[in-house]
Amino acid sequence: MGLVLLLLADCSGDVTNIPEAPEIPTEQVNENANVVYTDYSTRMEMPRLQLGVNLFLVKTVPVYGVNYCVEYDCSKRATRWVAFRWDYDNTVDNEVGRTDKWAEDEEIPDTFRVRLSDHTSDGYDRGHMLASEDRQNSWEANEQTFLMTNMHPQYNKFNASPFVWGNMEKWARKLYANWRTAKPNVTQDTIYVVKGGTIDNDGQILEETVKGLVVPRYFFMAFLYKNSQSSQGGYKAMALWVEHTDGTNRDDGSSLAKYMISIDELERRTGIDFFCNLPDELERVVESNAVAAAWGLPAE
């Protein structure tokens, strides 16, 4: 597992049916890409790193390399986002089951670390960002999903299936499963994902737990799909945005289209620059709209 410390003062639907973005000129320009702090910062799933006293963590496993990346806000002892990808290597069918190896993240300096005792009996679930079920191809990959840096406090009737976040995770998991079934001999298609809760602005924080953990008022999932069979990449992007509630509104998330927004809109709401390593023109095209039918979601 790698650690980079940024201390800079300055569906039911089938993803094969996702329409391709318009053709992009061969001479691609990207003036908004991440500065190359490490090779990992240039990965396609990465949002733009926020400069300041934050930690950039990279979790790796021997079987396929990068498992997921995290940007961690030390001042709030909370994760800004978790970025990962679904590709042929990390979704190979090898079910190891749920390890339940809950653990503190020892890559976080002791002063800023969330401890297991901080996240116990506080009225909230330990809500995964990268779900355990999304990393069951190896024991170590699944273990890493139980680190406290991959968690946010979530109401049980929000986090667990059949409630809204659980149903969003289940739907998202089907995206790549459907692709693998439809195109078993294609190994280049990828879905890039960023998930997180709102911690940056006080107005988007629900409360703090008795142990001082930030409880996000909203949660999000951002998706960028790459169809390798297209000469232009076949990119498509969208996001899901949902208010964090205790379930009293009885919304089980069975109709996900109403939560869909464009990446541009998600960026406006969160202040995070998603998929910044895309060439500028491609980023402009794919982030400006979200079409429910393109992702197998019936329109509202």
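This one's a predicted model, so the numbers in the text were calculated from it and none came from an experiment.

Caption draft 1: Structural detail: the overall build of the protein. In terms of regular secondary structure, the protein is built from 5 helices and 12 strands. Here the protein holds 300 residues, and 56% of them are scored as buried. Accessible surface, the protein: about 12900 Å² in total, of which carbon and sulfur atoms supply 47%.

Caption draft 2: Helix α4 (residues 263–270), seen in detail. Regarding α4, the residues found buried are I263, L266, E267 and T270. Seen end-on, α4 carries its buried residues on one side only, within an arc spanning 100 degrees. Among the structural elements, β10 (218–226), β11 (236–243), β12 (260–261) and α5 (280–286) are those in contact with the buried residues of α4. Just past α4, the residue G271 takes up positive phi, approximately 80 degrees.

Caption draft 3: Highlighting the environment of P62. As for its placement among the helices and strands, P62 is situated in the loop between β2 (53–61) and β3 (65–73). Sequence separation between P62 and E140 is 78 residues; the distance between their C-alpha atoms is 8.7 Å.

Caption draft 4: Just the pairing of strand β8 (residues 205–208), in detail. Two strands pair when backbone bridges link them, and β8 and strand β9 (residues 214–216) are joined in this way by 3 bridges, in the antiparallel orientation. Within the sheet, the bridge partner assigned to E208 lies in β9 and is V214. Linkage of β8 to β9, two consecutive antiparallel strands, is achieved through a turn of 5 residues, within which G212 is found at a positive phi near 85 degrees.

Caption draft 5: Expanded view of unusual backbone geometry. Residue R77 is not a glycine yet carries a positive backbone phi of 50 degrees. Counting through the fold element by element, R77 comes out in the loop between β3 and β4 (78–86). Even without a glycine there, the phi angle at D100 is positive, about 55 degrees. Mapped onto the secondary structure, D100 falls in the loop between β4 and β5 (125–128).

About the criteria used
- Residues numbered from 1 in each chain as written.
- Predicted model: local features only at pLDDT ≥ 70, side-chain atom pairs only at ≥ 80, totals over all residues.
- Heavy atoms only, no water.
- Helix = DSSP H or I, 4+ residues; strand = E, 2+ residues; numbered from the N terminus.
- Buried < 20%, exposed > 50% of the residue type's maximum accessible area, 1.4 Å probe, protein only.
- Areas by Shrake-Rupley, 256 points an atom, 1.4 Å probe, with all protein chains shown as cover.
- Arc of directions from axis to C-beta.
- Contact = heavy atoms within 4.5 Å.
- Pairing = 2+ DSSP bridges.

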